[in-house]
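Summary of structural features
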Amino acid sequence: MATVDVSFTPLPAHVRTARLVALAMARRIGVAEDTLDEVRLAVGEACSRAVGVHAVRAPGTPVTMRLSDDDGCFTVEVTDAGVLEDDLETEIGALDASRLSAVVGPEGPLDALPPGFGLVVIGGLVEQVDVRCDESGTHVTMTWPAPGPIDLTRD
Amino acid sequence: MDLTLSTKVEGDRTVVAVGGEIDVYTAPRLREHLIDLVSGGSYHLIIDMESVDFLDSTGLGVLVGGLKRVRSHDGSLHLVCTQDRILKIFRITGLTKVFPIHATVDEALAAAE
């Protein structure tokens, strides 16, 4: 198993860097071209969420992202210092009508979507996703098929 | 790619052309731009997203915020987007039911009348 570990200060500017690193590895190990946009968005959502969690709970602690290439799969695990209850009042899945009306209704904060909204997006994008919480924080793990590196020597 | 913003007025409609990435880093700029427009009396907005390369849920939050702001003045907010990778996040979250989404600015202008 090949791994790449990324640890970054929880600042919004670094989320883009994390996306680019994940995209580069996904491309290198052969994740399907038409899936790369999903990888980019899902990794961005997971890292944005983690940065938001750290801003409240652990501003000085880095967010970690582990990229793994194992058994024909590309796995990205983003770990933050939060507890799952921070944002899992929203289930991973499309919003129903009542939740939608709550999101766009006049009540509530103007610009903030409800906690867990990033997880909704991840759940809609990624077929294989796991969200769990332990003493080290919350782990968002996303997996995509990766048949192997592209053979650049082939005709 | 950084966020680019340009604005032009078409009658009583204001068209905001957005380009680049709308993410957790750049979304505050878009939010400030929309707040400035609404504060300046522009209550009917068309946001042209054809040159947007990336949109995440933070960007969606800013668009929802813009919608709430114009609605509080009986205004409207229409989107222009044909890119499937951008439309996908609207579909996943169900926000296609909330935003009128058009294929061209002209179509959005016509619909907004």
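Residues numbered from 1 in each chain as written. Chains lettered and ligands numbered in written order. Predicted model: local features only at pLDDT ≥ 70, side-chain atom pairs only at ≥ 80, totals over all residues.

Quick look at the overall build of chain B
Heads up, the condition is: Secondary structure is summarised from DSSP: a helix means a run of H or I of at least four residues, a strand means a run of E of at least two, and numbering begins at the N terminus for each. The globule rule is 2.2 Å times the number of residues to the power 0.38, and the radius of gyration it is compared with is taken over C-alpha atoms. Once C-beta atoms are placed from the backbone, each residue is buried if 20 or more other C-beta atoms lie within 10 Å of its own, exposed if 12 or fewer, and partly exposed for counts between those two. Here the contact rule is simple: place C-beta atoms from the backbone, and any two residues whose C-beta atoms are within 7 Å are in contact.
For chain B, the count of helices and strands is 4 helices and 5 strands. Each helix (α) and strand (β) of chain B, taken in turn from the N terminus, gives the series β-β-α-β-α-β-α-β-α. The C-alpha radius of gyration of chain B comes to 13 Å, within 12% of the 13 Å expected for a compact globule of 113 residues. With the principal axes as the frame, chain B shows a C-alpha extent of 30 × 25 × 20 Å. Burial status across chain B gives 45% buried among its 113 residues. Considering only intrachain contacts with a sequence separation of at least 6, the fraction spanning at least 24 residues in chain B is 71%.

A few points about the sheet that holds strand S3 (residues 73-80) of chain A
Residue and element names in this part refer to chain A. Condition: At least two bridges found by DSSP between two strands is the condition for calling them paired. Inter-axis angles, ranging from 0 to 180 degrees, are taken between N-to-C directions of lines fitted to C-alpha atoms, where helices are fitted over the stretch in contact.
Strand order in the open sheet formed by 5 strands is S1-S2-S3-S5-S4, with antiparallel pairing between adjacent strands. On the outer flanks of this sheet lie strand S1 (2-8) and strand S4 (128-134), each paired with one strand and no other. Strand-to-strand twist in this sheet, taken as the mean axis angle between neighbours without regard to direction, amounts to 15 degrees. By the bridge criterion, 8 bridges tie S3 to strand S5 (residues 137-145) in an arrangement that is antiparallel. Its bridge partner lying in S5, Cys73 is registered against Pro145.

Let's talk about the interface of chain B and chain A
Let me state the cut-off plainly: Residue type decides the class: Asp, Glu, Lys and Arg count as charged, Ala, Val, Leu, Ile, Met, Phe, Trp, Tyr, Cys and Pro as nonpolar, and the leftover types, Gly among them, as polar.
Contact with chain B, which involves 23 residues of that partner, is made by 26 residues of chain A. For the side of chain B that touches chain A, the secondary structure elements donating two or more residues are helix H2 (57-71) and helix H3 (84-93) of chain B. Broken down by element, the residue count for the side of chain B that touches chain A peaks at 10 residues, all from H2 of chain B. The residue inventory of the side of chain B that touches chain A, partitioned by class, reads 9 nonpolar, 7 polar and 7 charged.

Looking at the packing of helix H2 (residues 36-57) of chain A against helix H4 (residues 117-125) of chain A
Residue and element names in this part refer to chain A. For clarity, the threshold we go by: Note on angle classes: values under 35 degrees are labelled roughly parallel, values over 145 roughly antiparallel, values of 65 to 115 roughly perpendicular, and the remainder oblique. With the far helix as reference, a near helix turned anticlockwise by less than a right angle produces a left-handed crossing, and one turned clockwise produces a right-handed crossing.
One can describe the packing of H2 onto H4 by two numbers: an axis separation of 9 Å at closest approach and a directional angle of 155 degrees. With respect to their mutual orientation, H2 and H4 come out roughly antiparallel. In the packing of H2 onto H4, the handedness of the crossing is left-handed. Taking contact as the criterion, the partners of Glu38, Leu41, Ala42, Glu45, Ala46, Ser48 and Arg49 in H2 are, on H4, Gly118, Leu119, Val121, Ile122 and Leu125. Within the contact of H2 with H4, the residues separate by chemical class into 7 nonpolar, 2 polar and 3 charged.

Details of the sheet that holds strand S5 (residues 101-102) of chain B
Residue and element names in this part refer to chain B. Taken in spatial order, the 5 strands line up as S1-S2-S3-S4-S5 in an open sheet, and their pairing is mixed. Every interior strand has two partners, whereas the edge strands, strand S1 (4-10) and S5, have only one. The pairing of S1 with strand S2 (residues 13-22) spans 7 bridges and is antiparallel. Bridging across to S2, Thr7 finds its partner in Val16.

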